[in-house]
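Letter by letter, the chains look like this.
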Amino acid sequence: MNRVFDKLKAIDFLSQNKLIFLLFLLIFILFIIGEILARGFLKLDHIYTILRTTSFLGIVSIGQTLVILTGGIDLSVGPLITMGNVFTCMLINGIDANTFWAILVVIFLGMIFGCFSGLFVSYLRISPLVITLVTGSIVTGITLIFSHGAPKGLASPVLRFIGVGRLFDIFPVIIVVWIILSCLTILLLNFSVFGRKIYYIGANEKTALMSGIRVHLLKTIVYSISGGAAALTGSLMAGYTRTAFLGIGDEYTMWSIATVVIGGTSITGGKGGYLGTIAGAILFILLESILTIVKIPEAGRRIANGAIILILINIYFKQ
Amino acid sequence: MKEKQHNLRLFVPIYVIVILIYITAGIIEPQFITWRNNVNLFTRITPLILVGMAQTFVVLTGGIDLSIGAIIGLTNVIAASLPFINTPLNIILWLLIPPLVGFGVGVINGFFISKKGLPPLIVTLATGAIWLGVTLFIMPIPGGTVSLSVALTITGKLFNTIPIPLLIILFFVLTGYFILRNTELGRSLYALGGNEAIAYESGIPCSRIKILVYGISGILSSFAGMFLSGWMFSADPLIGNPYVLNSIAVTVIAGTSLSGGKGGVVGIIGGAYIFYILNNILNLLGISAFYQYIAKGLVLILALIISSPNASIILKNYFKKQSFFDKEEFVK
Amino acid sequence: MNAAILDKKTVLKMEGITKYFPGTLAVDNVNFMCNKGEVHGLVGENGAGKSTLMKILGGIYLPDKGKIIINNREKRFHNYAEARKFGIGIVYQELSLLPDLSVAENIFMGIWAKKGRIIDWNEIIKKSKEVLAEIDIKLDPEEIVGPLPVALKQMVEIAKVLTQNPEIIIFDEPTASLSSQEVSRLFNIIKKLKENNKAIIFISHRLKEVLNIADVITVMKDGKVVITEKKDYFTEDKLILSMVGREFSQIFPNKATSIDNKIAFSFHGFSEKYRSEVKLSVFRGEVLGIGGLRGQGQIELLQSIFGLGKETKVKVMLSDRLYTIKNPFQAIKSGITLIPEDRNTEGVFLILSVLQNIAASTVDERKNFGLIDRRREKEEVTSITNKLSIKIISLNQIANSLSGGNLQKLVLGKWLLTNPLVMVMLEPTKGVDIGTKQQIYKLIRELAEKGVAVIIHTSEMIELIGMCDRVLVMNKGFITADLKGKEITEEKIMKASISYVNILSEDKE
């Protein structure tokens, strides 16, 4: 009887992680394909370049993963990244000493906007789709107004170091930052009480409420985290791009949703996790690089983005 | 209450607000009530009304269409890329091809949502991205052109007085109203949105209707795309982008519930007006375009708060004095 | 089966119908017959199989074995629309009306009268008036359905069913929310339908009513047909005996022999909806029942004890301390728990595991610097699973693979882990098999003996009478009767259900 018991446990484990295993396999395959198409693809430097871009996507997707796990969606991350990017440059203005508090202020702003969305979703029961679209629009407006349409300012040397520099001359700092944040996220989702409650809310919000979980409060927190993560991403990007660019975050709304979906997290909530999102992010950027190598124009890449999401939800939804 | 009362309650407030805004705006900035400004307004809100109707049809069934912007862009670009410019053949193609494309694209959406049962949000988000890509592929930067007569007609006046856009608006809204009120298709939308299981049990062909409604959304979006091509005399692949949020805004302001089963198109003209009037006023007052993003957002938030049932409960609770417990003493 | 049916025209024959669900045999080789112009009553406890049998007849389930024969022709239907085509109409307890649409439109949903391709509203309104007149109802067809009282909604539902000209009409628990006046009106309609040669199936828990209206009665128990006889054969006691198969005392554990005067829990609340004041107390060791017609404020009352009320605050007294309850979180912290009526949407997380389900209300208790203490969690959940005999293969099993009875145990287990002081139960044995029912009854009695204040609300009269030491009957939002011990009878409960006397105002001097 015990053997049957253990066997079944094993099966449970596999089916949940089967997907992630497959995704990493796919990543491995894509790397090989990349090398075949362009020698030097697998060079460490190139892998680092890919992972750098992935880090930004990965950090903003932390928030999106949490939001989608609760059964919602955050369409304001794009504008928030732009805001983070623009405001960080403005506030730092090239001076090292400003860096720390500028990033802090930007994260705080992001969280405020996220909290705003969250309050509407939780207490007024307004569709997340609509309210985050609205918040995004408002953030776009605020960004334009404060920058007068022409963002000024510069990233500081410290921020540049984070964006493009290497720790001990080996590991790109931004990737290390992502790794640290990923570990924290996985710890949060899989091991903490807060994380467990997120799954309860996504699985069945009514039951969660009737079980004594403070659904409204937690959902508001989750949207705040998403806002903060998006703003942080934009902030760190300034280290990569040196100056600010309007619209830099625009594509990340779609992209962050794509990575979460690819990673196997259910769009209706309650199932999935950040490990899948990590795989999804790497896969996504890999695909983009390969498409670039094959010289597919931007239009084609957009089509590929949408097609991936469509194909994958078709497959995942059956389960 | 009777059905007529129920429906009136839905859109009378909107038109009252429209009238109030008109009067207020007219006092602040007299230029606002000139005939010229109003003709201008009709032209500008025509695409808004078309997408508002598109989204309303879909939302009535409890779904949502986020690919409206992409479909506008696609049809806009196609409309301005047709051959045989300035010949009758071009005009015929202009009239036939974009709507077919819009319908086809919409039906594809409907297929995934209806037959495969996938959530409309993600499906239309994904297909929107795909069609935007296709559009950029066809025309990476603004360009193209339409026949001169098309452009002149769209922005012209019938008998030199009645603006064509106004006629277009009236035609579509009245047709839409008629369909929703007096056809099986229209009533089925309300049933679907109200409770799909009950609709199914009543013998309504739910999957077919779902596919059809996304097709209708696609066709109406294509009309918006075509209109824009005539008005701008060229095409812009990204022209449709703001219309996703705009279509939702107009739908909500017009009184249609996002959860489905309630609402209609009667309030759409009023809703589009309110939405656009804001921009118009800001422009006339010389306020920077950047503030429009915020204004748009705030108007929509206001509309959402007003239509949200929770809001009234929270407000009631806030203002009500809980005197009951203070007076009575607790009995052991 | 007793062939005690006169040779009227037999319109329906169900032969050898069997239906399995995971974990139970819901319907076991059932034979059932219906004649034109006859009312066939169907009774049985929750879980006896009568709802399942009717759902099979309505095309909602396909039988695993057996035949359905209508007018001498065998039929198979895969959905309700098909069943309707063959002359079956069902008036459900949960009505199938769209609240935002008009009466007329609901009646003709899907079968709109048309002039060509255009809907002819005048015709629809006219026909609606005709149908409603047929059943003696004065109702404006253009009214929106939503705000109508339940009794009228039911009439619309009946009108809707009648427009399809069914030969067989099933009434599933139609009188649960009706006053005796409304019941008389319903019975007149049924009699009229009888005269029009329809075959009527009448399902109800109200045995007196069944004895009144039915010509033939079938009793079901444990998925089988126990007996089918003409009405004259039965008395209420005989019915009950057939339904439960043994003496009352053998299903329900013994009630409390003496209740001391210590109050375990007190509640004082004000209902916005009914503008009424409610006070109730539960004494230590007793099981309190809340009865009355459906929709009289019982559910609102019990939900507000748990912090779900539409009024913002509620005051309760527990173990001599006063608490204000604003939401479920506060309720649970004070020791109050609620077993919801619809466990699938409010009680369990169907896509999560058994472990996660049972641990849901106590995750905070097992915190270790914000992290979950997995070892302790597993221990506590395993011990509850064993105590309640929940049949599972592994704790990681996904909840939606469990049967109704086991799911209910999940909900109970979740709450037991919180060491509750108050347990409010709404329909505790709905959709639960007989074996689990008994276990739940035993558990309820155990909890009461331990000092937990147990409050039950159930629509099953037998349960109310068999389990409760005291029953409060509610009507129109206030308490109309406080019945103790031997006073708890169906008659007294029914009488109080329509009384307008507020016993609370009588107490005040």
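Here, every reference points to the structure presented above.
This is a predicted model, so every value here is computed, not measured.

Parameters and conventions
- Residues numbered from 1 in each chain as written.
- Chains lettered and ligands numbered in written order.
- Predicted model: local features only at pLDDT ≥ 70, side-chain atom pairs only at ≥ 80, totals over all residues.
- Helix = DSSP H or I, 4+ residues; strand = E, 2+ residues; numbered from the N terminus.
- Buried ≥ 20, exposed ≤ 12 C-beta atoms within 10 Å, placed from the backbone.
- Contact = placed C-beta atoms within 7 Å.
- Nonpolar A, V, L, I, M, F, W, Y, C, P; charged D, E, K, R; others polar.
- Core = buried A, V, L, I, M, F, W, Y, C linked by C-beta atoms within 7 Å.
- Pairing = 2+ DSSP bridges.
- Axes fitted to C-alpha atoms, helices over the stretch in contact; angles between N-to-C directions.
- Bend = angle between axes of the 7 residues up to and from the residue.
- Expected span 1.5 Å × (residues − 1).

1. Examining the overall build of chain C
Stage number 1. Along chain C, the regular secondary structure elements total 19 helices and 24 strands.
Stage number 2. Counting only C-alpha atoms and orienting by the principal axes, one finds that chain C spans roughly 70 × 55 × 50 Å.
Stage number 3. Relative to its 509 residues, chain C shows a buried fraction of 48%.
Stage number 4. Restricting the contact set of chain C to residue pairs at least 6 apart, pairs at least 24 apart contribute 68%.

2. A word on the interface of chain A and chain B
Stage number 1. Contacts between chain A and chain B engage 36 residues on the former and 35 residues on the latter.
Stage number 2. At the level of secondary structure, the elements contributing two or more residues to the side of chain A that touches chain B comprise helix 5 (128-147), helix 11 (252-262) and helix 13 (298-318) of chain A.
Stage number 3. Top element by residues in the side of chain A that touches chain B is helix 13 of chain A. It accounts for 13 residues.
Stage number 4. Each residue belonging to the side of chain A that touches chain B can be placed in one class, and the counts come to 23 nonpolar, 10 polar and 3 charged.

3. Quick notes on the nonpolar core
Stage number 1. Counting residues in hydrophobic clusters, the biggest one holds 338 residues, and the most contacted among them are Phe202(C), Val424(C) and Val454(C).
Stage number 2. Counting residues per element, this core draws most heavily on helix 10 (residues 206-232) of chain B, at 13 residues.
Stage number 3. Excluding residues that lie within four positions of it along the chain, Val454(C) makes contacts with Val287(C), Leu288(C), Met423(C), Ile444(C), Leu447(C) and Ala448(C).

4. Quick look at the sheet that holds strand 14 (residues 276-283) of chain C
All names here are of chain C.
Stage number 1. Spatially, 4 strands are ordered 14-13-16-17 in an open sheet, and the strand pairing comes out antiparallel. Two strands close off the open sheet at either side, each with one partner strand: strand 14 and strand 17 (321-325). For this sheet the average axis-to-axis angle between neighbouring strands, irrespective of direction, equals 15°.
Stage number 2. Along the sheet face, helix 10 (residues 298-305) touches strand 13 (263-271), strand 14 and strand 16 (314-318) and points at about 120° away from the line of strand 13.

5. Quick word on helix 2 (residues 44-69) of chain A
Stage number 1. A bend of about 30° at Ser61(A) is the largest found in helix 2 of chain A.
Stage number 2. The first or second residue beyond helix 2 of chain A is Gly71(A), which carries a positive phi of 90°.

6. Let's talk about helix 16 (residues 434-450) of chain C
Every α-helix winds through 3.6 residues per turn, so residues three or four apart in the chain are directed the same way.
Residue and element names in this part refer to chain C.
Stage number 1. For helix 16, spanning 17 residues, the distance from its first C-alpha to its last is 25 Å, which sits close to the expected 24 Å at 1.5 Å a residue.
Stage number 2. Within helix 16 the residues assigned to the buried category are Thr436, Lys437, Ile440, Ile444, Arg445 and Ala448.
Stage number 3. Packing partners of the buried residues in helix 16 comprise strand 15 (287-291), helix 15 (404-416), strand 22 (453-457) and helix 17 (461-467).
Stage number 4. Taken from the residues just after helix 16, Gly451 is the one with a positive phi, measuring 110°.

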